[in-house]
Structures are given as C-alpha cells and as structure tokens.
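For reference, the chains in residue letters:
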Amino acid sequence: MRHIISILLENEAGALSRVSGLFSARGYNIESLTVAPTEDPTLSRMTLVTRGDENIIEQIKKQLNKLIDVVKLVDLSEGPHIERELMMIKVRAEGAMREEIKRLSDIFRGSIIDVTANSFTIEMTGDGNKLDAFIAALEGDTIIETVRSGPLGIARGGRRLTLTT
C-alpha cells in the first residue's frame, strides 16, 4: 500500500542524507521525496512517499523516529488528507496544434507559463491521476519534457504536524 509520510526534521546539513540512507540501508524504496523549510527556519518538512505492507511501514516509522534529526512524523495515509503534485510539461505547439494545446490546458486547469515559436510550457497542479490523464490526452510525440514534484500532503481538519499540540 502507498503511504505519504510527513516528517518535521532539523534544518541542518546531512539530515536528508541520514533519512535517505536509512531507506537504502534497509532496502526500502522512496517513490517521491520533497523537502523545504517550514515557517520555523530551524525546521524542514519532508514529504516522503513509499510503499509497503503495514509491518514494513511500521518499521520505517520506528526507524525514522530513532534518527536524531527527526523531530516528529505523521503518516498522512492513516487519516483524511489533501495531496497535490506540481507538474511542468513542455509540449510541441506548432500551427493548428497551438489552439488545441491551449484548449486542453484550460480543460485541465493548467497555466501556460512559457511560450516559444514552437512550444508551450504548462504548469499544472492536482492529484497524480489528473496529471497522468493530461499526459495521456496529449498526442504521441507532443511531449518534449516533463518535470513532476511528487505529492505533497497535508492533513485535513484539526490534525497537523507541528511541535505544538
């Protein structure tokens, strides 16, 4: 089963390396990893996506909690949460295709953020299924390049990942 684990960790050199090292040392796979500072400049928030049965996920959480850099963690998959992914996709847009690409981008609520004589770069956010559907809707060799962030997640309602309770 896919799990999104959100981690508050010390914003220090080597913290990311220690977390990823834990995964590689135990043979666990990281499908997606995003890290950025929080509103507290001494802390970073890491969003990590991995797969495993309940025993493996429980072991991962226990091992992460043992790391000195990890302040707090929550498995967002255990409750209601919102997740979004960012994609920037560069596509061929020549001649009559330009209007079709604009229309398709509008349907999927994307924004064209760069225009050249023969290409558009489109920015799009949403869940992974939406981004996959946009890619599938594009014709054959239309895609020049794709960059995706992987999911970010936040708990719904009063549940939160913070030092204060």
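Refer to the structure printed above.
Along each chain, residue indices are assigned from 1 in the same order as the chain's sequence is written. With the structure being a predicted model, the display of local features is reserved for residues of pLDDT at least 70 and the display and counting of side-chain atom pairs for 80 or more, all residues being used for whole-chain, interface and lining totals. As a rule here, side-chain values come from all non-hydrogen atoms in the structure, and water together with hydrogens is ignored.

Regarding its fold elements, the chain presents four helices and nine strands. Each principal axis of the C-alpha distribution contributes one length, and for the chain these read about 55 × 30 × 30 Å. Taking the intrachain contacts of the chain between residues at least 6 apart in sequence as the baseline, contacts between residues at least 24 apart amount to 73%. Entry remark: accessible area of the chain is about 9,400 Å², with carbon and sulfur atoms responsible for 51%. Counting rule applied: Lys, Arg positive; Asp, Glu negative; His and chain ends not counted. Every charge is mapped onto a representative atom, which is NZ of Lys, CZ of Arg, CG of Asp or CD of Glu. The distance from the centre of the 21 positive side-chain charges to the centre of the 24 negative ones in the chain is 4 Å. Here a helix means four or more residues in a row that DSSP labels H or I, a strand means two or more in a row labelled E, and each is numbered from the N terminus. Throughout, a contact is declared for two residues whenever any of their heavy atoms are within 4.5 Å. Per-residue accessibility takes into account occlusion by the displayed protein chains alone, with areas from the Shrake-Rupley method and a 1.4 Å probe.

Salt bridge, as used here: a side-chain nitrogen of Lys or Arg that lies within 4 Å of a carboxyl oxygen of Asp or Glu. Taken as a whole and assessed by the stated rule, the structure comprises 11 salt bridges. A salt bridge links Arg103 to Glu100, with the shortest nitrogen-to-oxygen separation between them at 2.8 Å. On the criterion of helical spacing, the pair formed by Arg103 and Glu100 is a turn pair, its members being three residues apart in helix 3 (residues 97–107). A 1.4 Å probe rolled over the protein chains alone gives each residue an accessible area, and that area as a share of the maximum for its type sets the label: buried under 20%, exposed over 50%, partly exposed in between. For Glu100, a relative accessible area of 34% corresponds to the partly exposed category. The salt bridge partner of Asp132 is Arg148, with a shortest N-O separation of 2.7 Å. Here Asp132 is found in helix 4 (residues 128–137), whereas its partner Arg148 is found in strand 8 (residues 143–148), with 16 residues between them in sequence. Among the residues examined, Arg148 registers a relative accessible area of 31% and is labelled partly exposed. Through salt bridges with shared partners, a single network forms among Glu58, Lys61, Asp75 and Glu78.

Attention now moves to the nonpolar core. Nonpolar cores were defined as sets of buried Ala, Val, Leu, Ile, Met, Phe, Trp, Tyr and Cys residues, with membership established by side-chain atoms within 4.5 Å. Grouped together as the largest cluster of nonpolar side chains are 15 residues, with contacts concentrated most on Ile7, Val19, Phe23 and Leu64. Taken together, the elements giving at least two residues each to this core come down to strand 1 (2–10), helix 1 (15–26), strand 3 (43–51), helix 2 (54–66) and strand 4 (70–75). In terms of residue count, the dominant contributor to this core is helix 1 (four residues). Non-local contacts of Leu64, meaning those with residues more than four positions away in its chain, are made with Ile5, Ile7, Val19, Leu22, Phe23, Val70 and Leu73. Judged by nonpolar contacts, the second largest core, of 13 residues, contains Met87, Ile101, Leu104 and Leu131.

Attention now goes to the packing of aromatic side chains. Classification of ring pairs rests on two measures: the distance between centres of Phe, Tyr or Trp rings, Trp counted by its six-membered ring, which must be within 6.5 Å, and the angle between planes, read as stacked under 30 degrees, edge-to-face over 60 and tilted in between. Under the criterion given, the structure shown has two aromatic pairs. Ring centres of Phe23 and Tyr28 lie 6.2 Å apart, and the angle between their planes is 75 degrees; on these two criteria the pair is classed as edge-to-face. Judged by its relative accessible area of 21%, Tyr28 is partly exposed. Their ring planes at 70 degrees and their centres at 5.2 Å tell us that Phe108 and Phe134 sit as a pair that is edge-to-face.

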